[in-house]
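# Structural description and commentary
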Amino acid sequence: MNDKAERVRNTKRRPRGVRRATQIKDPMVDRVFMVGVYVLLSTFLLIVLLPLVYIVASSFSSPLAVSSGRVTFWPVDFTLEGYQRALGDSQILSGFVNSLIYTTAGTTISLALTVAVAYPLSRRDLWGRGPVSLAIIFTMLFAGGIIPTYLVVQQLGILDTRWAMLLPQAVGVWQVIIAIVFFRSSIPEELYEAAQLDGASDLRFLWSTVLPLSKPLLAVIALMYAIFQWNSYFDALLYLRDPDLYPLQLVLRNVLILNQATPGMDATAQIERQQLADLMKYSLIVVSTVPIMIVYPFVARYFNKGIMLGAVKG
Amino acid sequence: MVIIDDAPADQSTRAIVAPGPRRSSRGVRAMSRSFRRHWQLYLLMIVPLAYFAIFKYVPMANAIIAFKDYNVVDGVWGSPWVGFEQFERFFTNPVFWTLLKNTFLLSAYVVLVSFPFPIILALALNEVRLRFFQRTVQMVTYAPYFISTVVVISMTILFLSPKLGLMGHVTSFFGLGSIDFLGDPDYFRHIYVISDIWQTMGYSAVIYMAALSSIDPSLYEAAKVDGANRFQKILAVDLPGIMPTAMTVLILAVGNVMAIGFEKAFLLQNSLNLSQSEIIPTYVYKVGLLNADFSQAAAIGLFNGGINLVLLLVVHYTSKRLTGTGLW
């Protein structure tokens, strides 16, 4: 419905003559082909969109409507019960707070370290940067494995601490490469020469010239790290035992997938309790995904840039 | 795909430096000059390089416990050597072939089936002239990439659960009764692949969109002059234009066949579908962390990593010879 209205509006905005001209030129085959293209894309659109709509609609529906399958793409017996449950759960709240901490701290650490290694490696006159770059890229091809890495975390004594969430994945090779390519292609060599004539040191130049010129890059990399941190559960599963340290995703896994009962539901009858628990799942999915979906439109633009920066020619 | 371009700097220095016996002393001089001039940059790199040393290279060294019988008291270096015993134990384990088959089939299925979808999406998007429609489709199909694996799998489970899922109503509507998609091992791979396509199709299409936008416009003019219709234009101009990109993506995917993600398979696993859903990475996790058999887990991990490295190299060199496109 909406699409169609938009399409009409869009065509109206075009100058008339242009549209008619292309229409006459288009042979029949092409017009049939374009109909096919629109049908195909609309199908893709619906396939991605409808499951999301279904989840949101269910999250606002009554427990009974959800479990009896009466909900399709619009809330039935509108209620906020699921959200009250989800947000009232102490486990989930602490997961939310933990994830915020891990995401802010982790992104800061990762961004600082990435720039600290990528900028020197982007300087062509730095002796030894070839072997160092190779050593870093090699870690992309081969890794010690889960257990040997676990042993390192254990030896460092950061097992079951917040550091275990921040350090083991701090620097991404991919991000380092993107940053190197960016510094190489976007910071003119003349600026460096000028800075040298002015007697600026390397750090001074990095801080007051390179970084201000690299804001788009910093945004891309920070967002990549932030989303990675917010969405990850694997490191928490490996390294954390204390439930108070669990990030949101691990709490979600326990509640949504392992069906671990959350406390505070004993009073209600068995069936009702189960229905409410099921409803809460939908609300939880919405609550945990909303932060990402809010930043996503901004992120997407930068992400595209990042992908293109990384994919030099290929 | 990734080029850390050494050539220009090296060539220019080489042009100035005369080849001969004095070369090594010049190298030393270049080094000390670089250190004196850029000591701040070297200082800056220390912490991140320490990160790579500690969290990437020490684990590689720790992987020698695969050839040992690790115990906590003696540690990595003190534990007794056992040679290839850990590997033999794994190869003679009855689950070995099942694991290998599951891992390989799942990855190959993902690689082959999810490969064409982003290409089709990008080609179709490229034809659309309505900017609003184009942007809407792109934004919406891109969105699931940012949803966490945990949430995507939870959604999948909710849809497929026989008692309250949407699919349960669909199948009973068609008179098929309620099918337990999650409990039947035969459905596991399909669920995995379909949810994978759902999540990554839009994201993967972006790279092809970029490739399409960099195609030389004169090729389209030429195609038009030759009287090509839109479909012929796609075959003659668009497809060859994105071929190098597609090859790179495919090489990376095939090269990573054994490195298929732990996260998703682990979340989709349940006691009923384990016969097809148990793959090497999830098995390593269970052997290592749940059974605390560190050496055995390290050996299996090393085996998997080794296969993966070999595969990547083979695919890279084969592709380089056949198509001229490789990873480096």
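The rules behind the values
- Residues numbered from 1 in each chain as written.
- Chains lettered and ligands numbered in written order.
- Predicted model: local features only at pLDDT ≥ 70, side-chain atom pairs only at ≥ 80, totals over all residues.
- Helix = DSSP H or I, 4+ residues; strand = E, 2+ residues; numbered from the N terminus.
- Buried ≥ 20, exposed ≤ 12 C-beta atoms within 10 Å, placed from the backbone.
- Contact = placed C-beta atoms within 7 Å.
- Domains from an automatic or database assignment.
- Nonpolar A, V, L, I, M, F, W, Y, C, P; charged D, E, K, R; others polar.
- Axes fitted to C-alpha atoms, helices over the stretch in contact; angles between N-to-C directions.
- Left-handed = near helix turned anticlockwise from the far one by under 90°.
- Expected span 1.5 Å × (residues − 1).
- Bend = angle between axes of the 7 residues up to and from the residue.
- Core = buried A, V, L, I, M, F, W, Y, C linked by C-beta atoms within 7 Å.
- pLDDT = per-residue confidence, 0-100.

To continue, consider the overall build of chain A. When helices and strands are counted, chain A shows 16 helices and zero strands. Taking all 314 residues of chain A together, the buried fraction comes to 38%. For chain A, the share of sequence-separated contacts (at least 6 apart) that also reach a separation of at least 24 residues comes to 72%.

A few words now on the overall build of chain B. Each helix and strand counted, chain B has 17 helices and zero strands in total. Long-range contacts, defined as pairs at least 24 residues apart, comprise 67% of the intrachain contacts of chain B with a sequence gap of at least 6.

As a measure of interface size, the accessible area lost when the parts come together is often cited. Taken domain by domain, chain B consists of domain 1 (22-65) and domain 2 (87-323). Relative placement of domain 1 of chain B and domain 2 of chain B: their C-alpha centres are 37 Å apart.

What follows deals with the interface of chain A and chain B. Residue-level contacts link 81 residues of chain A with 85 residues of chain B. Among the elements that make up the side of chain A that touches chain B, the one with the highest residue count is helix 3 (residues 28-59) of chain A (14 residues). Looking at the side of chain A that touches chain B residue by residue, the classes come out as 54 nonpolar, 16 polar and 11 charged.

Before going further, it helps to spend a moment on the packing of helix 8 (residues 146-155) of chain A against helix 3 (residues 39-62) of chain B. Where helix 8 of chain A contacts helix 3 of chain B, the two axes come as close as 8 Å, and the packing angle between them is 115 degrees. As helix 8 of chain A packs across helix 3 of chain B, the resulting crossing turns out to be right-handed. Counting all contacts with helix 8 of chain A, which are made through P148(A), T149(A), L151(A) and V152(A), the residues of helix 3 of chain B involved are I54(B), F55(B), V58(B), P59(B) and N62(B). Broken down by class, the residue content of the contact of helix 8 of chain A with helix 3 of chain B amounts to seven nonpolar, two polar and no charged.

On to helix 3 of chain B. With 24 residues, helix 3 of chain B should reach 34 Å at 1.5 Å per residue; the first-to-last C-alpha distance of 32 Å fits that figure. If you look at helix 3 of chain B, its biggest bend is around 35 degrees, right at I46(B), and the proline P48(B) turns up within four residues after that. If you follow the buried residues of helix 3 of chain B, they end up packed against helix 6 (90-122), helix 7 (129-141), helix 8 and helix 12 (202-213) of chain A together with helix 4 (75-78) of chain B.

Further remarks concern the nonpolar core. Ranked by internal contacts, the top residues of the largest apolar core, which has 118 residues, are V117(A), A118(A), A179(A), A298(B) and I300(B). Once you skip the residues sitting within four places of it in the chain, A179(A) turns out to touch T114(A), V115(A), A118(A), L217(A) and I221(A).

Before going further, it helps to examine unusual backbone geometry. Of note in this structure, D160(A) is not a glycine but carries a positive phi near 60 degrees. Tracing the backbone through its elements, the reader meets D160(A) in the loop between helix 8 and helix 9 (163-166). Since 14 C-beta atoms lie within 10 Å of it, D160(A) is described here as partly exposed. Even without being glycine, A292(B) reaches a positive phi, approximately 55 degrees.

Another point: the environment of L113(A). With respect to the helices, strands and loops of the structure, L113(A) is situated in helix 6. Using a count of 23 C-beta atoms within 10 Å as the deciding quantity, one classes L113(A) as buried. Remark: the alpha-carbon pair of L113(A) and M165(A), spanning 52 residues in sequence, is separated by 16 Å. When neighbours within four sequence positions are excluded, L113(A) is seen to be in contact with A170(A), V171(A), V47(B), P48(B) and Y51(B).

Since the α-helix packs 3.6 residues into each turn, any two residues three or four apart lie on the same face. Here helix 7 (residues 116-127) of chain B contains 12 residues, and its C-alpha end-to-end distance of 17 Å stays within 8% of the 16 Å for a straight helix at 1.5 Å per residue. By the burial criterion, the buried members of helix 7 of chain B are P118(B), I119(B), L121(B), A122(B), A124(B), L125(B) and E127(B).

Residues and elements named next belong to chain A. Residues with a pLDDT of 70 or more make up 84% of chain A, whose mean pLDDT is 81. Per-element confidence in chain A ranges from a low mean pLDDT of 47 for helix 2 (residues 16-25) to a high of 94 for helix 9. Low pLDDT (under 50) marks residues 1-12, which in the prediction has seven contacts with non-local residues, meaning those over four places away or in another chain. Segment residues 14-24: pLDDT under 50, and two contacts once partners within four positions in sequence are set aside and those in other chains are kept.

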